[in-house]
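Here's the letter readout for the chains.
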Amino acid sequence: MKAALARRIDGRFHYGWIVVGVIFLVLLASAGIRATPSVMMVPLEHDFGWSRATISLAISVNLALYGLTGPFAAAAMQRFGIRPTVMAALLLLASGTALSSLMTAPWQMVLIWGVMVGGGTGVAAVTLAATVSNRWFHTHRGLAMGVLTASSATGQMVFLPIMAAITENYGWRPVVLIVGLVAALVLPLVAFLVPERPGSVGLRPVGAPADAADTPLAQGNPLKTALSALRMAAGRRDFWLLFFSFFICGASTNGYIGTHFIAMCGDYGLSEVKGAGILAAMGVLDLVGTTASGWLSDRYNSRVLLFWYYGLRGVSLIYLPYAFGFDFFGIPLFALFYGLDWIATVPPTVRLTTDVFGKSMAPIVFGWIVAGHQLGAATATLVAGSLRATLGNYTMASMLSGGVCILGALMVLRIAPHAPKRPVAAGV
């Protein structure tokens, strides 16, 4: 079916864009699931009397596993293929989220939303986007990565207002059943429409020359492959600059704003629906910003792009505590600058990773860099929750997040501008 469809549309546009469309839906569903705990935080406090720090623990485990799963998922995709790996993740997400409607104790939330959902979303994440864009695109790779990365913002834009409205009117349990159903509905699209590689449907990657070699499935143990990639990458200074700058990225996005913004709005008298609406508006802006960032990363110096992205994000976060005090332009101004910047860092970071480590190695190494992103997110989730519980507000957390972003802006300028590609390790 996939080969016949590819032949039918060949000449109009490349089948690689069909693959991008399906994977976009997978990442969109995953983004919606990842956004769900931010809507559940206040209702769980009211229903069970759990503290915000307790709920933040489960979200922190989720974010950490989301990152740590990435490099092993990338290695599994190289060994077993994209389709079976992603289908297994979607099955885990559908069953885990539906099961969470029965939870009544904090340890159950840690197990389901922390471990099961965290592991599943770690497969359907930016490492999947990097694998698809590197495998299916020779040219326009940055644009494809930008579109796929923007799915996170689109998922937030689509799901958050709906989930917040359902939670406000019917409680949190219908929400988890709905997002589980969404994951189940995407699964057959992957099964029927996603080939393993261009060569399996008689095509070359987008823009590849006629003599371009197809990439076969890797051999060997995916666990060993992922760890070998880490050992190789850890010897390079550029890896650690990318790792810790992405740690800062995760701390200032998923970990802080993505998790705590709706609850923060409640501290200033805004309802969950209004808070979710603001996040959704930032999602619309990020859809534009991240897609544009992918286009820019195909044309301009990624180090300079990252410098501006992190710097502007830092300024917007330092401004955030004051934004709630302005009636007309306070929050809209924050949403504009922060929204355009939200995850615009991903395409330039993937570009730099590919420049440093080579096309074959980049998805797995980027998986480890994403692990840094999510460890930063997990850290920020816990720290912000603890500061809120101790101080009664999020002001200190906002200032800390803004400060580390400015540090990240300086850090990325030290990444080698034209780093030599490292030879691919044996068995990777």
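Residues numbered from 1 in each chain as written. Predicted model: local features only at pLDDT ≥ 70, side-chain atom pairs only at ≥ 80, totals over all residues. Heavy atoms only, no water.

**What about the overall build of the protein?**
Convention followed: The way it works is that DSSP assigns letters per residue, a run of H or I at least four long becomes a helix, a run of E at least two long becomes a strand, and they are numbered from the N terminus. Per-residue accessibility, obtained with a 1.4 Å probe over protein chains only, is compared with the maximum for each type, and a residue is labelled buried under 20%, exposed over 50%, and partly exposed between these values. Any two residues whose heavy atoms approach within 4.5 Å at even a single point are treated as in contact. Throughout, the Shrake-Rupley method with a 1.4 Å probe supplies accessible areas, and for residues the shown protein chains are the sole cover considered.
Regarding its fold elements, the protein presents 17 helices and 0 strands. Taking all 428 residues of the protein together, the buried fraction comes to 59%. A separation of at least 24 residues holds for 84% of the contacts in the protein among residues at least 6 apart in sequence. Carbon and sulfur atoms provide 69% of the accessible area of the protein, an area that totals close to 16,100 Å².

**What to know about the side chain of Thr36**
The condition that has to hold: Contacts described as polar in this section are N or O atom pairs within 3.5 Å, which, within protein, must combine one atom able to donate a hydrogen with one able to accept it, while residues neighboring in sequence count only if both atoms come from side chains.
Its location among the elements puts Thr36 in helix H2 (residues 16-48). Within the structure, Thr36 has its side chain in polar contact with the backbone oxygen of Gly32 (distance 2.9 Å). Excluding residues within four positions of it along the chain, Thr36 makes contact with Trp113, Met163, Val175, Val176 and Val179.

**So, the packing of H2 against helix H8 (residues 173-193)**
What counts here: Angles here are taken between N-to-C directions and fall from 0 to 180 degrees, while the axes themselves are lines fitted to C-alpha atoms, restricted in helices to the stretch in contact. Here the angle decides the label: under 35 degrees means roughly parallel, over 145 means roughly antiparallel, 65 to 115 means roughly perpendicular, and every other value means oblique. Crossing chirality is assigned from the near helix's rotation relative to the far helix, an anticlockwise turn below a right angle marking it left-handed and a clockwise turn marking it right-handed. Each residue receives one of three labels: charged for Asp, Glu, Lys and Arg, nonpolar for Ala, Val, Leu, Ile, Met, Phe, Trp, Tyr, Cys and Pro, and polar for the others, Gly being one of them.
In contact at an axis separation of 9 Å, H2 and H8 are set at 170° when each is read in the N-to-C sense. One finds that H2 runs roughly antiparallel with respect to H8. Viewed along their axes, H2 and H8 form a crossing whose handedness is left-handed. Where H2 abuts H8, its residues Val22, Leu25, Val26, Ala29, Gly32, Ile33, Thr36, Met40, Asp47 and Phe48 lie against Arg173, Val175, Val176, Val179, Val182, Ala183, Val186, Leu189, Val190 and Leu193. When the residues that make up the contact of H2 with H8 are grouped by side-chain class, the tally is 16 nonpolar, 2 polar and 2 charged.

**Re helix H11 (residues 257-267)**
Of all 11 residues making up H11, 8 are buried, and the element is well covered by its neighbours. Within H11 the residues assigned to the buried category are Ile257, Thr259, His260, Phe261, Ile262, Ala263, Met264 and Cys265. Directly beyond the C-terminal end of H11, a positive phi value near 85° is found at Gly269.

**With respect to empty space enclosed by the protein**
Counted only if it meets this: Buriedness for pockets is judged along seven lines, at least five of which must meet protein on both sides within 12 Å for an open set on the 1 Å grid over protein atoms alone, while cavities are sets there where a 1.4 Å probe fits but cannot get out, and lining residues have an atom within 4 Å of a point. Grid points are joined across faces, edges and corners, and a volume is the space filled by probe spheres set on the points. Domain start and stop positions are those given by an automatic or database domain assignment.
Tallied over the entire structure, the rule returns 2 cavities of 30 Å³ or more. There is about 90 Å³ of room inside the second largest cavity. Broken down by secondary-structure element, the contributors of at least two residues to the lining of the second largest cavity are helix H6 (126-136), helix H7 (141-170) and helix H15 (346-357). Broken down by element, the lining of the second largest cavity gets its largest block of residues, 4 residues, from H15. Among the domains, domain 1 (1-200) and domain 2 (222-416) are the pair contributing at least three residues each to the lining of the second largest cavity.

**A few points about the nonpolar core**
For the record, the criterion: Take the buried Ala, Val, Leu, Ile, Met, Phe, Trp, Tyr and Cys residues and link them wherever side-chain atoms come within 4.5 Å; each set so joined is a nonpolar core.
One finds Trp113, Leu128, Ile257, Phe261, Met282, Phe334 and Phe366 to be the most contacted residues of the largest nonpolar core, which totals 128 residues. The element contributing the most residues to this core is H2, with 15 residues. When residues of this core are sorted by domain, at least three fall in each of domain 1 (1-200) and domain 2 (222-416). Not counting chain neighbours up to four residues away, the residues in contact with Ile257 comprise Ser252, Leu279, Met282, Leu317, Leu320, Phe334, Tyr338 and Trp342.

**A few points about the packing of helix H16 (residues 362-391) against helix H17 (residues 395-412)**
Running from N to C, H16 and H17 point in directions that differ by 145°, and their axes come no closer than 8 Å. In this structure, H16 uses Ala384, Leu387 and Leu391 to contact H17, whose residues at the interface are Met396, Ala397 and Leu400. Its residues placed into classes, the contact of H16 with H17 shows 6 nonpolar, no polar and no charged.

**Side note on the state of the cysteines**
In protein chemistry, a disulfide is the covalent bond that joins the sulfur atoms of two cysteines. We count it as follows: Here, two cysteine sulfur atoms that lie within 2.5 Å of each other are counted as a disulfide.
Under the counting rule described, the total for this entry stands at 0 disulfides. We note that Cys405 lacks a disulfide partner, and the nearest cysteine sulfur, in Cys249, lies 7.8 Å from it.

**Side note on the packing of aromatic side chains**
Keep this limit in mind: Stacked, tilted and edge-to-face are the three classes applied to pairs of Phe, Tyr and Trp rings, where Trp contributes its six-membered ring and a pair requires centres within 6.5 Å; stacked means planes under 30 degrees apart, edge-to-face means over 60, and tilted covers the rest.
Under the counting rule described, the total for this entry stands at 16 aromatic pairs. Judged by centre distance (5.5 Å) and plane angle (65°), the ring pair of Trp240 and Phe243 falls under edge-to-face. On the criterion of helical spacing, the pair formed by Trp240 and Phe243 is a turn pair, its members being 3 residues apart in helix H10 (residues 237-252). Its relative accessible area of 35% is what places Trp240 among the partly exposed residues. Ring centres of Tyr256 and Tyr394 lie 6.3 Å apart, and the angle between their planes is 55°; on these two criteria the pair is classed as tilted. Of this pair, Tyr256 sits in the loop between H10 and H11 while Tyr394 sits in the loop between H16 and H17, and the two are 138 residues apart along the sequence. Ring pairs connect the aromatic residues Phe261, Tyr268, Phe324, Phe334 and Tyr338, which therefore count as one cluster.

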